[in-house]
Amino acid sequence: MSGAELAALLDRHGFDFFTGVPCSLVEDLITALERRPRDPYVAAVREDAAVGLAAGAWLGGRRPVVVMQNSGLGTSLNALASLSLMYGFPALLIVTWRGFEGKDAPEHLLMGEISPGLLDLLRIPYRVLGPSSADELLGWARREMDAREAPVAILVPPGIVETGGSSVAAAEVADSATRGRGGSTALRAAPDAGSGALVPTVISRREALAVAVKELGDAPVIHANGYVCRESCATEDRPQNFYMIGSMGLAAAIGLGLALVRPARASVVFDGDGNLLMSLGTLAMVGSLAPKNFVHLVFDNEVYGSTGGQRTPSREVRLDHLARGAGYRTATAVTTPTEIAAALRSALGTRGPHFILVKVTAAEAVVPRIPHTPAVIRDRFRRALSRA
Ligand SMILES: Cc1ncc(C[n+]2csc(CCOP(=O)(O)OP(=O)(O)O)c2C)c(N)n1
């Protein structure tokens, strides 16, 4: 079948958010998804980021699809286990089956052999796509993921989806090259990165959170895992707070997915420096997609506080400079309560994406674990969104 036919079937079965990382076995499918007039395919930088985006999109009311090569199952193992499966985030995983029947390049052979077993171990139900079974399988996938509130997978062996068309992006590059322009056509100048040392940090994250929460109104906030979650919950346990208790590194991807499907409302992320550094590629996705409703706060204590205070590189590396370089519309660093309040107020009231680096001390408040089950966190957050 052609990629366009498969894309049309996905539409027909009610799938309405598409992201992933490419594999040549489904290049025509991705081309077709990139051409969707509404909500075109969102190019993710890693498969686990795509799983995070899909979770955010589902929270915003969509039925998401993640396209990945089976090598990406390895990349997204933790995201699947401690995000999608733990909270119950439905998504259709379209997983290409490189290394099928032991015939492929050496790097695909082991993963090809163990892909079905890996899905079994994760308890993700799957079916194998055949030449004429797509309609039936997509019906199965939709019913199954909606009923289970969990991800399901379709494995795509070689030769099932036709290949050979060029992607929209490749066509654009070729087009600009033939017209003599070549290269990138729409590079925005990053704002001046600024320089200079910050005023010494005096405020704890708990104090900073208390200031930030007052500015939020009813804006939804996706929290990074660890003590960011715990201290925020102990400060004010809002239904609009999504506490990410596993899946380190994915808060920004979830917030980005939500921002993309609900462009009229703010989507706020409370991140940690260790979390952000684990998924730096997400900065580039935010910069290139430029959602104007995205507000990214990073509480930077320069350590992995939740695991004993080991140093992170953010003591030497200015994360706000990275965000500016990635193309955020604004990126500021703040160190005092007045600056925090002003920066967040301005970010919530103006066009983004905004990045606010909140420099905090490594002090950690004595606060309990999140008292809610993952399902409660998910459901009350989704309800709060639908009321807004
Ligand atoms: C994939 C993964 N690796 C390691 C951990 C253990 N872990 C939990 S929280 C955390 C540190 C998070 O650092 P940061 O975002 O800076 O927040 P902080 O702990 O300083 O509040 C680590 C390493 C994890 N949960 N997941």
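Residues numbered from 1 in each chain as written. Predicted model: local features only at pLDDT ≥ 70, side-chain atom pairs only at ≥ 80, totals over all residues. Heavy atoms only, no water.

Which residues make up helix α16 (residues 374-387), and what values go with them?
Three- or four-residue spacings in an α-helix give side chains the same orientation, since the helix completes a turn every 3.6 residues. Taking 1.5 Å per residue as the helical rise, α16 with its 14 residues ought to reach 20 Å, and the 20 Å between its terminal C-alpha atoms agrees with that figure. Elements that come into contact with the buried residues of α16 comprise α3 (47-59), α5 (77-88), β7 (221-223), β8 (241-243) and α11 (251-261). (Helix = DSSP H or I, 4+ residues; strand = E, 2+ residues; numbered from the N terminus. Expected span 1.5 Å × (residues − 1). Contact = heavy atoms within 4.5 Å.)

Could you give an account of the pattern of salt bridges, with specific residues and numbers?
By the definition in use, this model includes 21 salt bridges. Its salt-bridge partner being Asp39, residue Arg38 comes within 3.5 Å of it at the nearest N-O pair. Classification of Asp39 by relative accessible area gives partly exposed; the value is 23%. A salt bridge links Arg63 to Asp146, with the nearest nitrogen and oxygen atoms 2.9 Å apart. Within this pair, whereas Arg63 is found in the loop between α3 and β3 (64-69), its partner Asp146 is found in helix α7 (residues 134-148), the two being separated by 83 residues in sequence. The class for Arg63 is buried, based on a relative accessible area of 18%. When salt bridges that share partners are traced, they join Asp300, Glu302, Arg315 and Lys359 into one network. (Salt bridge = Lys/Arg side-chain N within 4 Å of Asp/Glu carboxyl O. Buried < 20%, exposed > 50% of the residue type's maximum accessible area, 1.4 Å probe, protein only.)

Describe the sheet that holds strand β4 (residues 91-96), and please don't skip the residues or the numbers.
Two orientations exist for strands paired in a sheet by backbone hydrogen bonds: parallel and antiparallel. Taken in spatial order, the six strands of this open sheet run β2-β1-β3-β4-β6-β5, and their pairing is parallel. Each edge of the sheet is formed by a strand with only one pairing partner; in this case those strands are β2 (42-43) and β5 (126-128). This element, α7, spans β3, β4, β5 and β6 (151-156) of the sheet and lies at about 160 degrees to β6. (Pairing = 2+ DSSP bridges. Axes fitted to C-alpha atoms, helices over the stretch in contact; angles between N-to-C directions.)

Talk me through the site of the ligand; I want residue IDs and the actual numbers.
Neighbouring residues of the ligand: 15 residues in total, closest Arg205, Gly274, Asn275, Gly305 and Ser306. Between Arg205 and the ligand, the recorded distance is 2.7 Å, taken from a side-chain N or O atom to an oxygen atom. Coverage of the ligand by the protein chains reaches 75% of its 580 Å² of free accessible surface. A total of four residues in the shell around the ligand trace back to one element, the largest contributor, which is helix α12 (residues 273-278). (Near = heavy atom within 4 Å. Polar contact = N/O pair within 3.5 Å; in protein donor to acceptor, adjacent residues only side chain to side chain. Areas by Shrake-Rupley, 256 points an atom, 1.4 Å probe, with all protein chains shown as cover.)

An account of the pairing of strand β9 (residues 267-272) is requested, with residue identities and associated values reported.
The buried fraction of β9 is high, at six of six residues. Neither face of β9 is exposed, since Ser267, Val269 and Asp271 on one face and Val268, Phe270 and Gly272 on the opposite face are all buried. Judged from the three bridges that link them, β7 and β9 form a sheet pairing that is parallel. Within β9, the residue paired with Val221 across the bridge is Val268. Taken together, the six bridges between β9 and strand β10 (residues 294-300) define a ladder with parallel strand orientation. From the neighbouring strand, Val269 faces β10, where its bridge partner is His296.

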